[in-house]
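These are the residues of each chain, in order.
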Amino acid sequence: MERVLIVTPDSAERSALVAQLTAAPYDTSSADDLISGLARIAIAPPDLLITVVEPGGFNGLPLVMSGFAQNARMAALVVHPVPEAARDHERTLHTPGIVRHVVRPEDLPACSR
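Throughout what follows, the structure given in this document is the object of discussion. (Residues numbered from 1 in each chain as written. Predicted model: local features only at pLDDT ≥ 70, side-chain atom pairs only at ≥ 80, totals over all residues. Heavy atoms only, no water.)

**Overview of the overall build of the chain**
Inference 1: When you go through the chain residue by residue, the secondary structure sums to five helices and five strands.
Inference 2: When the helices and strands of the chain are read in sequence order from the N terminus, they spell out β-α-β-α-β-α-β-α-β-α.
Inference 3: In the chain, which comprises 113 residues, the proportion classed as buried is 36%.
Inference 4: When contacts within the chain are restricted to residue pairs at least 6 apart in sequence, those whose partners lie at least 24 apart make up 63%. (Helix = DSSP H or I, 4+ residues; strand = E, 2+ residues; numbered from the N terminus. Buried < 20%, exposed > 50% of the residue type's maximum accessible area, 1.4 Å probe, protein only. Contact = heavy atoms within 4.5 Å.)

**Section: the nonpolar core**
Inference 1: Membership of the largest hydrophobic core comes to 22 residues, with the highest contact counts inside it found for Val7, Leu49, Ile50 and Val64.
Inference 2: Every element with two or more residues in this core is listed here: strand E1 (2-7), helix H1 (11-23), strand E3 (48-52), helix H3 (61-70) and strand E4 (75-80).
Inference 3: Setting aside residues no more than four positions away along its own chain, Val7 makes contact with Ala31, Asp33, Gly37, Leu49, Ile50, Thr51, Val52, Phe58 and Leu63. (Core = buried A, V, L, I, M, F, W, Y, C linked by side-chain atoms within 4.5 Å.)

**As for the environment of Ser30**
Inference 1: Among the secondary structure elements, Ser30 is positioned in strand E2 (residues 26-31).
Inference 2: Each C-alpha atom, one on Ser30 and one on Val7, is 5.6 Å from the other, the two residues being 23 residues apart in sequence.
Inference 3: Contact partners of Ser30, with chain neighbours within four places excluded, come to Leu5, Ile6, Arg14, Val18 and Arg40.

In structure tokens:
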């Protein structure tokens, strides 16, 4: 079973994603901060990491790097609040593996289907 780790400080967003991915055949866990996310990666490196980058706030990119260090085959989905941020990160960051920077949709739960 594929392991998915969701790390975001937004409890509603985290809960919606966990509920949808747990209903599918995924071993899903979550964390609400960087320290907890890093600890979960160290214990059980995920196959897919979903995290966020908020300007002036939460930055999940260290989780991406730590995840790749633990599991070189990990994929990552990094959610941004605006299109410009997603494009800038996609263009300028050179991270290993499969990393996709996307814009947070208005209806996030529908996006994870």
